[in-house]
Amino acid sequence: MIEKQFWRWSAWLWFAFTIVFVYAPVVAMVVFSFNQGQSFGGWEGFSCKWYQQFLGSEDMVHALSGSLLVGCLATFFSVILSLLVVVASKWWRPWWLLEIFMVNFVVPEIFVAVVILNIFVFLKIQMGLISLVVGHTLLGFGTAVPLFRTAFSELQHALLDASLDLGATYLQTLRYVILPILKPSIIYVAFLIFSLSMDDFFINFFCSGVGFPTVSTYVYTTIRAYVDPSLNALSSSLFFLSLALVLLLTLSQSIDGIFSDD
Amino acid sequence: MKSVSLLNISKSHGDKKILDNLSLFIEAGGFFVLLGPSGCGKTTILRIIAGLEKPDSGKVLLGDEDITQQPAYQRRVNTVFQQQGLFPHLTVFENIAYGLVVRGLPREAIYEKVERQIKIVNLLGLEKKYPETLSGGQLQRVALARSLVMEPDVLLFDEPMSALDARLKERMLIECLNLQHALKTTFIYITHDRKEALMVADEIAVMNFDGKVEQVAAPKQVYLRPRSRFVANFIGDVNIIAGVIKDLDQSTASLQTDIGNLSSMVDATSIVWSVGARIFASIRPERIALSYEELSGFGNKLKGHIESIIFSGVFMRYMVATSVGTTLLVFEDNFSFKVGDEVFVHFHNDDVIMLES
Amino acid sequence: MVQYVVYLVKKSFKQEFGFVLAMPAVIWQICFLLLPALVLFWRSLFTIDSWGVTLANYVSCTGATYAAAIYNSLVLAYLTALACLLFCLPLALVINFHIKRELRTAVLLFLMMPSWTNFIIRIYSWFFLLRNDGMLFRILQGLGLLNAGSSLLANQVVTIVVMVYCYFPYMLLPIYNCISNINPRILEASGDLGASSWQTFWRVILPLSIKGIGSGWLVVTLVSFGEFAVPELIGGGKYAYWGNLVVNNFLLLSDYNAGSAVIFFGILVILASLLLIYAALKLLLLVLSHFVTIPQKLLRLNFAD
């Protein structure tokens, strides 16, 4: 009895600690983004001025839109190409087809970043949007391929046989059977990759070149120089963006069973 | 309705050779059953006919047309799958209409055909339902309707009844049979259940574990005149006794066997036997009569005593130990015999089938 | 001519559908990652000063400063993994056993949410929180836990804390998956047979979740090995790490040859160390099993990745 109580209490304690640990910085950031004054020590009243400054700052807005653009493009390529590869493995499966994408997941991100850097410098192509999209797509493969693999394996393959048997070509089967059934997974994976891309640091650091701003590089360089309170506004905005996307995701479909093999 | 011919089909999966130079002819308009144990390759044959797999060598003919190179979606052959394979994201109506939709038929035509099919298989009222809400029997009928609406030349069945319970199975089998008689489409049905096969088939092909067809004949033939030990054993309970041909004439053969001397009928149409050949004598248990006294009119009579009894509902399974030692399985609807009783077993010459050794 | 090409494409589409479908991704992967990686490796075998294939770059990796930096990264990676494990394992247990089934996914989502923000911003939010003129510092100072001279930043322990903050999802999900697959009946049976909660943990839960733990450990170690931003921004940049070496060589010195050697060398080191640890752990368990009974599954340490 006492043992059980002990475990229960320690469980809730740990859980509470976790929540505090995970949310303290976020809460602090959001709270202080509405802070009147500049200092970080105390609350000086409510104000939206940091948000105004953030939205007014050309650099910040450019960085944000840069990241968003890369995110959208990388998600687009990643999801489509990964999906196609996984579906293709049903009909053409040399042993290496799906395994070669495991590399993206297993190596430190720096490696991918440096490889991309190397190509573009070697080919004397300027780095910027293209190099970032390429890099982020590669990262996306690492997440998307395993997830699609699991989703596709849960799809009864008798359905594909049935579709072909009834007269649908491979393309029609893809369009009428595979895509509709995998839709929830596709949405989930797209969301995941978009987040991954927006959150990324290493690829952005190495491959964004001189001209192309991203949130990661902007914040990194800014912090080291000085601390700008409007960074709080930027950060909080991004957090709200993630929150909105997650809510969108959960509202648009049932989320049970999403947390299978990550 | 068209016939299907398989000519010298070979197929391997990796190192394992599943089919080796197999040839089979399936008549047009009949109910053909491919019977065999699990893993013998019958599903592979079906998939090759459907076009879902390509044979390593050999040809597949539909009627006179060589369809070996044709992909599945071009063949006028449709399949009812083992687990139905219904699209979970489509309603019953949409499932049935699928083949017509991908073919590009106009809406009115699709609507008319699907509605007609739904009436035929008795699914009225369920059009808007999703597969997950349907019962086993209903799922079966949707799968059937989905294939039938395509008006194929040949309809393939891949052990469709294996997931159903016994009662439902029987009902669906009879429905299937009636359907085939009404449509006259060539049905090719694969199963490992001999009862299903005997019930519905016009012709049965029995396959053994190695992917070879041992006998192709009408159900009665296969049952009463099996060609080999495997077929005899697979198609029903049977007593197999080893022996040697002692004497031979036009109509009768004298056999010296483990349970004594037997007389067997000589089947003029089958193998040519010679004196001294080693054979197996097969006797169906239900063709053996048990009695306390000797009866006349039977070509074969033996003495023995009852070793064990098992009640089976319609008949009693008696294990009779003969005086020589070997036991015989006897099905007898007379329940009065007890363990240890001294009895006589009787059977006709016609019921002793000689099989190759 | 064009018609013929179109015909070929259509034909190949029908005949070898799988091949055509897979090609874009495969080409992308080969052209942008696999091939260049090989080229990079080739480059690492040359130096800018001399001609010919040489291992000079790799040799210089073993030099004092380089080795120290790689060592720092190793330590960082393993400490992070350990801390993550200590943090996530109880958490996974709590979520799985003390929270109602319907709420579990929501709770996980809730905990993951902050992880779906920009990496640098996550670091920044801690940076912000820990500042000497920030609230937390003032509070702790007020409580007497800190003197005026010390600082929350530029502290190795805090660095690990922030690393955990950044990487714990990679550990939590695999472990949680494994644990959630444990049939609760098994635990009931264990209790029924007389095991205390602690024993049930060691003998039932732990062996069954070893796969998740292994997977999580692997990922966290590999990912945090390449980390240099957190130690720099939070830890004060006092030490150099493998990541810094890479940055220096590639971005500052533009010595791609040496840089690629550093990269491959580092990857080799971390993979080798993981194997070593795996072997050592197996050995340890083998030895221990002579004294204490250890469940077979734990002994075999099967982490099928």
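Everything below is about the structure shown above.
None of the values given here were measured: they were computed from a predicted structure. (Residues numbered from 1 in each chain as written. Chains lettered and ligands numbered in written order. Predicted model: local features only at pLDDT ≥ 70, side-chain atom pairs only at ≥ 80, totals over all residues.)

What follows deals with the sheet that holds strand S1 (residues 4-13) of chain B. All names here are of chain B. Reading across from one edge, S2-S1-S4-S5 is the order of the four strands in this open sheet, with antiparallel pairing throughout. The sheet terminates laterally at strand S2 (16-26) and strand S5 (65-66), the two strands that pair on one side only. Examined bridge by bridge, S1 and S2 share seven bridges and lie antiparallel to one another. Across the sheet, residue Leu 6 finds its bridge partner in S2, namely Leu 24. Its contacts with the sheet place helix H1 (residues 42-50) against S1, S2 and strand S4 (57-62), and it is angled at close to 120° to S1. (Pairing = 2+ DSSP bridges. Helix = DSSP H or I, 4+ residues; strand = E, 2+ residues; numbered from the N terminus. Contact = placed C-beta atoms within 7 Å. Axes fitted to C-alpha atoms, helices over the stretch in contact; angles between N-to-C directions.)

On to the nonpolar core, then. Ala 113 of chain A, Ile 188 of chain B together with Ile 123 of chain C are the most contacted members of the largest nonpolar core, which has 232 residues in total. If one sorts the elements of this core by residue count, helix H8 (residues 156-180) of chain C sits on top with 17 residues. Excluding residues within four positions of it along the chain, Ile 188 of chain B makes contact with Val 4, Ile 26, Phe 32, Leu 34, Leu 46, Ile 49, Val 154, Leu 156 and Phe 157 of chain B. One finds Ile 259, Phe 280, Ile 283 and Ile 288 of chain B within the second-largest nonpolar core, a separate group that totals 21 residues. (Core = buried A, V, L, I, M, F, W, Y, C linked by C-beta atoms within 7 Å. Buried ≥ 20, exposed ≤ 12 C-beta atoms within 10 Å, placed from the backbone.)

Here we take up the interface of chain C and chain A. Each side of the interface is counted separately: chain C has 64 residues, and chain A has 72 residues. It is helix H2 (residues 17-43) of chain C that contributes the most residues to the side of chain C that touches chain A, 17 residues altogether. Taken together, the residues that form the side of chain C that touches chain A break down as 45 nonpolar, 14 polar and five charged. (Nonpolar A, V, L, I, M, F, W, Y, C, P; charged D, E, K, R; others polar.)

This part is about the pairing of strand S17 (residues 316-322) of chain B. Residue and element names in this part refer to chain B. Summarising the sheet, strand S16 (residues 300-311) and S17 pair through seven bridges and their orientation is antiparallel. The residue bridging Ile 309 from the neighbouring strand is Tyr 318, located in S17. As defined by bridge partners, S17 adjoins strand S18 (residues 327-332) across six bridges and the pair is classed as antiparallel. Counterpart to Arg 317 in the pairing with S18 is Phe 331.

Under the 1.5 Å per step criterion, the end-to-end length of helix H8 (residues 170-199) of chain A is only 37 Å for 30 residues, more than 12% shorter than the ideal 44 Å. A maximum bend of about 60° is found in H8 of chain A at Lys 183 of chain A, where proline Pro 184 of chain A lies one to four positions downstream. (Expected span 1.5 Å × (residues − 1). Bend = angle between axes of the 7 residues up to and from the residue.)

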